[in-house]
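Listed below, chain by chain, are the residues.
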Amino acid sequence: MSIRRHDIVICGGGLVGASLALALAPLPLDICLLDPAPFAPAPRADDRTFTIAQGSKRALTALGVWSRLSRADFQPITEIEVSDRSGRFGLAHILAEEQGVDALGYVTGNVALLAALYDALGTTAVSLRQGRFGGLVRDADQVTITLADGQETERIACRLLVGADGTHSAVRVACGIGVDSHDYGREAIVSNCRVSRPRPHTAFERFTADGPIAALPIGDDRYTFVISRPDGGAWQALAEPDFLSRLADAFGDRLGRLLAASPRLRFPLIRQQAREWVAPHVVLVGNAAHTLHPVAGQGFNLGLRDVAVLAERLAQACRAHIDYGDRAWLGDYARARQTDVAHTTRFTDGLVRLFSPRQRPLVAARGVALNLIDALPGLKRALAVRTMGLKAPLPRLFRGLKP
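Cut-off values and rules
- Each chain carries its own residue numbering, running from 1 in the direction its sequence is written.
- Per-residue local features are limited, in this predicted model, to residues with pLDDT of at least 70; the limit for side-chain atom pairs, both in listing and counting, is 80 or more; totals at the level of whole chains, interfaces and linings are taken over all residues.
- Side-chain calculation: all heavy atoms of the structure are included, whereas hydrogens and water are not.
- Between any two strands, pairing holds if DSSP finds at least two bridges.
- Put simply, DSSP marks the helices as runs of H or I at least four residues long and the strands as runs of E at least two long, and each gets a number from the N terminus on.
- A fitted line through C-alpha atoms serves as each axis, taken over the contacting stretch for helices, and the angle formed by two N-to-C directions is quoted from 0 to 180°.
- We call two directions roughly parallel when the angle between them is under 35 degrees, roughly antiparallel when it is over 145, roughly perpendicular when it lies between 65 and 115, and oblique otherwise.
- The hand of a helix crossing depends on one turn: near helix anticlockwise from the far one by less than a right angle means left-handed, and clockwise means right-handed.
- Here a residue-residue contact requires only that any non-hydrogen atoms of the pair lie within 4.5 Å.
- Two rings belonging to Phe, Tyr or Trp (six-membered ring only in the last case) form a pair when the distance between their centres is within 6.5 Å. Interplanar angles under 30 degrees mark stacking, angles over 60 mark edge-to-face geometry, and anything in between is tilted.
- Three labels apply to residues, based on accessible area from a 1.4 Å probe with only protein chains included: buried if under 20% of the type maximum, exposed if over 50%, partly exposed otherwise in between.
- Working rule: Lys NZ or Arg CZ, within 6 Å of ring centre, within 35 degrees of ring normal, means a charge sits over the ring.

1. So, the pairing of strand β10 (residues 143-149)
Relative to β10, strand β9 (residues 133-138) runs antiparallel, the two being bridged by five bridges. Paired with Val 137 across the strands is Thr 144, a residue of β10. Here β9 folds back onto β10, and the loop between the two strands holds four residues.

2. A short note on the packing of helix α1 (residues 15-24) against helix α9 (residues 299-320)
As a packed pair, α1 and α9 sit with axes 9 Å apart at the nearest point and diverge in direction by 25°. It follows from the interaxial angle that α1 and α9 lie roughly parallel. Note that α1 runs across α9; the crossing there is right-handed. Contacts from Leu 15, Val 16, Ser 19, Leu 20, Ala 23 and Leu 24 in α1 reach Phe 300, Gly 303, Leu 304, Val 307, Leu 310, Ala 311 and Leu 314 in α9.

3. A few points about the packing of aromatic side chains
What the rule picks out here adds up to nine aromatic pairs. With a centroid separation of 5.8 Å and an interplanar angle of 80°, the aromatic rings of Phe 74 and Tyr 106 are classed as edge-to-face. Here Phe 74 is found in strand β4 (residues 74-77), whereas its partner Tyr 106 is found in strand β7 (residues 105-109), with 32 residues between them in sequence. What makes Phe 74 buried here is its relative accessible area of 12%. Pairwise contacts between aromatic rings join Phe 204, Tyr 223, Phe 225 and Phe 251 into one cluster. The ring of Phe 267 carries Arg 48 above its face, with NZ or CZ at 6.0 Å from the centroid. The ring of Tyr 324 carries the charged tip of Arg 159 above its face, separated from the ring centre by 4.4 Å.

4. Focus on the sheet that holds β4
Here three strands make up an open sheet; going across it, the order is β3-β7-β4 and the pairing antiparallel. Of all the strands in the sheet, the pair left with one neighbour each is β3 (49-53) and β4. With direction set aside, neighbouring strand axes in the sheet form an average angle of 25°. Summarising the sheet, β3 and β7 pair through five bridges and their orientation is antiparallel. Among the inter-strand pairings, Thr 51 is bridged to a residue of β7, identified as Val 107. Its contacts with the sheet place helix α3 (residues 54-62) against β3 and β7, and it is angled at close to 90° to β3.

Below you can see the structure in the form of structure tokens.
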């Protein structure tokens, strides 16, 4: 059986894996991006929307990706309104103008962003390999992975294998790495809706007694709604008029009447952390290492910061001729990411816990907290910096620089 050889193999051709391949492309390394699906985003992916934080936009610009998006592919967010539906008061506004930026973040679709990433990768020497990860064997100098596609089996050897293959990472499982997880007992229902009274470039985070509802502008009179509910299956099964009526009752009339809804997607809401992020010649990034609740839209942005730090450290290792497959070196990378991941996890988890209880005193306290955020510039600035992904220290990509 023949063995193909690369310096680094990235398992997972989604947003995080493709971003890492592009960030590593200028290095004097042989990079392979591996995914079981064809590298053609339109047929291979659902078009879920993502919030791209201001810091992430800087990174994607430095990678040459942002310029490949058409103006119709993203919507700037210049205002975020956070409110508590459970109480009679409690409202905070974060404005881009107050924070000295053109936009707090941007909303774009999975398909458009993947297409831009693959377009950029097409100008590099990165190998795009369609294949299904089937297992691995490690020795002192490398890791050898097996691809299993139908009746054919192939092996690939590399000095470093990157698991960027999502929450249910096959790479993580093959390494025997366990996870600590928390099930929020809710599911997310995602639907694109037309509204009668759009507020251009305004995103909403609306906390209700049954879970948060986010509304993200995607152009004209359309918003993507991300609805956290304990009875997600029932919401998904509703006829469109009934779904719109129930959503209107939960969200309120901040965007006027809800006029139409796309078919709904549904997925469970969990928080998950891998107990180890590295093993000899293996490292996990993105959702393979940590999965967050989608409140505040931090998941992809956190994964992109993994990419930025790992790419920067691999560039340093190449210049210093360091063995980047060494377990100790990889451990240094993992420790460098712990603070950011821990703080972001506490931030998202804290929002969910703070706005979940229904007891009247806690509902009133939440309203006071939101009003304090709105009234105190320093507190609002701290929240905005966290939301925009600009919390120092920033890796080079998040300062608009190459790794």
